[in-house]
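Descriptive structure summary
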Amino acid sequence: MNKIKITFPDGNQKEFEQGITGLKIAEGISKGLAKEALAVEVNGEVWDLNRPINQDASFKILKWSDDGGKDAYWHSSAHLMAEAVEVLFPGAKFGIGPAIENGFYYDLDLGDHSLTKEDLQKIEDKMNELASRDVPFVREEKKWEDAVEFFKKKGDQYKLELLDEFKGQTISLYHHGSFTDLCRGPHLPSTGKIKAIKILSVAGAYWRGNEKNKMMQRIYGITFPNKKELDEYLFRLEEAKRRDHRKLGAEMELFLLTPKVGSGLPLWLPKGTIIRESLIQFLKEEQYKRGYQGVVTPHIANLDLYKTSGHYPYYKDSQFPPIQLESGEAFLLKPMNCPHHHMIYSMKPRSYRDLPIRLAEYGTVYRYEQSGEMNGLTRVRGFTQDDAHIYCAHDQLKAEIKATIELTQLVFRTFGMDVKTRLSYRDDKNTEKYGGEAAFWDQAQREIKEVADDIKLDYFIGIGEASFYGPKVDFMVKDALNRTWQLGTVQVDYVMPERFQLEYIGQDGQKHRPVIIHRAPFGSLERFVGILIEHFAGEFPLWLAPTQAAVLPVSDVFLDYAREVFSALKESGIRVELDDRNEKVGYKIRDWETKKVPFMLVVGEKEKNGGLVSVRQHKKGDQGTVKVEEFRERILENIKARSLTI
């Protein structure tokens, strides 16, 4: 039999018989590793452990700690759930059942039956029963015609619709127990590896996300290799409910969403506006140090502008319909800021001496999100981007990428968020998806990696994750609940300079195209604030807190002194409120504690006579008595430093 060469992650190579499986390789290393293995990565693709490897390949064994391992685990769990549903509800029709960031779901058509809480418990119990049988997941490849015939006999029109997209291709099916599904895989070796199971919820979902299609029932679930991890996850889930930014946003009067204004169009209330403007001011200061220039552009523009950029009609499904005027002109609500910035760049001739030009804007843009996809501030139809576009020469690209990455890192470090970075490259096997010259792509991808290595970024490479106009750096941020959010991005763009005919005169006296960097550390201010609310559970660091201190007189007798303290702090720029209600001080303290205000300053006779305040800190209680001036200087220093702690 022929030999193949397997290259391991550490660079070591070893020869094996052609057709060897990942499981056999793992067993050859150690029995313990084979037991932990969930799937393998072969030439960058995640495969089943039992799938034969027939050619030279790079190879990695995937465990629970690997994203690919979790995907295989949760995708297999989705199939197990589908089998349980088919047993309990004969005749059920199945849509899609992918792994998601946390767990999995499956879209189902159960006819007229609506799933109840009791049904979900039955499905969970049946999954446990089926998993305990420990039957293998078996991959089978069929001709397209045979796969169509199989699902015709089964009467599953959703699978037949999916098959229409793969005419003439070899189709893979997976079998386990009594269930067969149309699926690329990968899957676990057997159902017995699925241990701790929890069905979480059911929701409505249009087939293929189209409102014109049938509403299906989407069951969400999650599984873990052991009960301890499931219990920890369920605890975090309850904590997430407590921190829900929609709940806290209403309680703390930060923002308002009302159908009278329109779905996904938030109103910023005074306290939420303070947070928003504090974030803007923070980034403006950092941008000013780095040579950015602020611009402001309108909320709408001529439709032709977006035809030039390609945003219309290629992305029209995610945009509001054009506004047609009697004159024949058409306008579009701005879906992106970049075409406007390109017009500013092109307003006059540019020289290499002018570059780089860094244009920054906090510009509100509009996207038509489907009603079922909106979620508080984190998915809206009108949002403000901390957008900037850098126009530079190719020999300036590396330095500008480095500067933008460092700025983005500073932003997330300021909020105490762990960051992992994805270098998003094009897929060289599918180059028709991308614009621009291959040589420029190669240069940009090389320089992005060089920068990442130079500044010791924690990164991984995502092949095929680039945008159509250039490679990018995506920042995956973990919050206090260990949830991952994709926030900031740094994108290299070779396409828009061509589309807009952007030029500069080089040192050689000839016209050249600049390269553009798109950059947005926050991404969307709305989404970022929503994430921050949950990250801090509404207990913001002092510099962001809408109210930083509250002055509480113990009785009306000391109201005049309380006003003096209030005025002294307010004149220093501290966000302070005076509680002059005719209530007992104990009630006031409890009330301000629920409002998550960092400091309460209680004043009575002792404080008045000594020019003092009695300081109470949120969650920490009595902090002693200090001079008003000492307290003022202390918190001003903390605010200036934008410290996370007090």
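You'll find the structure just up there.
Because the structure is a prediction, the values reported are computed rather than measured. (Residues numbered from 1 in each chain as written. Predicted model: local features only at pLDDT ≥ 70, side-chain atom pairs only at ≥ 80, totals over all residues. Heavy atoms only, no water.)

**Thoughts on the pattern of salt bridges**
- As enumerated under the stated definition, the model contains 49 salt bridges in all.
- In this structure, Lys247 and Glu251 form a salt bridge, with 3.3 Å as the shortest nitrogen-oxygen distance. You can see Lys247 and its partner Glu251 sitting in helix 8 (residues 245-251), 4 residues apart, about one turn around the helix.
- For Lys247, a relative accessible area of 37% translates into the label partly exposed.
- Counted as one network, the salt bridges with shared partners bring together Arg422, Glu465, Lys472 and Asp474. (Salt bridge = Lys/Arg side-chain N within 4 Å of Asp/Glu carboxyl O. Helix = DSSP H or I, 4+ residues; strand = E, 2+ residues; numbered from the N terminus. Buried < 20%, exposed > 50% of the residue type's maximum accessible area, 1.4 Å probe, protein only.)

**Quick notes on the nonpolar core**
- Grouped together as the largest cluster of nonpolar side chains are 77 residues, with contacts concentrated most on Leu279, Phe415 and Phe540.
- Looking at this core, the element that brings in the most residues is helix 12 (residues 397-414), giving 7 residues.
- Apart from residues no more than four positions distant in its own chain, Phe540 is found in contact with Met252, Leu254, Ile275, Leu532, Ile533, Ala545 and Pro546.
- Grouped together as the second largest cluster of nonpolar side chains are 35 residues, Tyr73, Leu108, Phe137 and Leu230 included. (Core = buried A, V, L, I, M, F, W, Y, C linked by side-chain atoms within 4.5 Å. Contact = heavy atoms within 4.5 Å.)

**Thoughts on the packing of aromatic side chains**
- Enumeration over the complete set of coordinates arrives at 23 aromatic pairs.
- Both rings, one in Tyr345 and one in Tyr391, keep their centres 4.7 Å apart while their planes meet at 20 degrees; by these two values the pair is stacked. Of this pair, Tyr345 sits in helix 11 (residues 338-345) while Tyr391 sits in strand 23 (residues 382-392), and the two are 46 residues apart along the sequence. With respect to burial, Tyr345 and Tyr391 carry one shared label: buried.
- Here the aromatic rings of Phe440 and Tyr494 are separated by 5.4 Å at their centres, their planes lie at 25 degrees, and the arrangement is stacked. Of this pair, Phe440 sits in helix 13 (residues 438-454) while Tyr494 sits in the loop between strand 27 (484-493) and helix 14 (495-499), placing them 54 residues apart in sequence.
- Looking at Tyr494, the relative accessible area reads 6%, which means it is buried. (Phe/Tyr/Trp six-rings, centres within 6.5 Å; stacked < 30°, edge-to-face > 60°.)

**What to know about unusual backbone geometry**
- A cis geometry characterises the amide bond from Tyr312 onward to Pro313, with omega recorded as 10 degrees.
- With respect to the helices and strands, Pro313 occurs in the loop between helix 10 (303-309) and strand 20 (323-324).
- At the junction of Leu355 and Pro356, the peptide bond is cis and its omega measures out at 0 degrees in the coordinates.
- Examined against the element boundaries, Pro356 turns out to sit in the loop between helix 11 and strand 22 (357-366).
- Positive phi outside glycine occurs at Lys456, with the angle close to 55 degrees.

**Re the packing of helix 3 (residues 67-88) against helix 4 (residues 117-132)**
- Look at helix 3 against helix 4: their axes get within 9 Å of each other, and the N-to-C directions meet at 110 degrees. Taken together, the axes of helix 3 and helix 4 are roughly perpendicular relative to one another. Considering the relative orientation of helix 3 and helix 4, their crossing is right-handed. Here Ser77, Leu80, Met81, Glu83, Ala84, Val85, Val87 and Leu88 of helix 3 come into contact with helix 4, specifically with Lys122, Ile123, Lys126, Met127, Leu130 and Ala131.
- Taken together, the residues that form the contact of helix 3 with helix 4 break down as 10 nonpolar, 1 polar and 3 charged. (Axes fitted to C-alpha atoms, helices over the stretch in contact; angles between N-to-C directions. Parallel < 35°, antiparallel > 145°, perpendicular 65-115°, else oblique. Left-handed = near helix turned anticlockwise from the far one by under 90°. Nonpolar A, V, L, I, M, F, W, Y, C, P; charged D, E, K, R; others polar.)

**Some details on the sheet that holds strand 13 (residues 179-182)**
- Ordered in space as 11-12-13, the 3 strands form an open sheet in which the pairing is antiparallel. This sheet does not close on itself; its edge strands, each paired only once, are strand 11 (138-142) and strand 13. The average angle at which neighbouring strand axes cross in this sheet is 25 degrees, direction not considered.
- Relative to strand 13, strand 12 (residues 171-176) runs antiparallel, the two sharing 4 bridges. Directly across from His176, in strand 13, lies its bridge partner Phe179.
- Contacting strand 12 and strand 13, helix 3 runs over the sheet at an angle of about 125 degrees to strand 13.
- In the packing of helix 5 (residues 144-154) onto the sheet, the strands contacted are strand 11, strand 12 and strand 13, and the crossing angle to strand 13 comes to about 130 degrees. (Pairing = 2+ DSSP bridges.)

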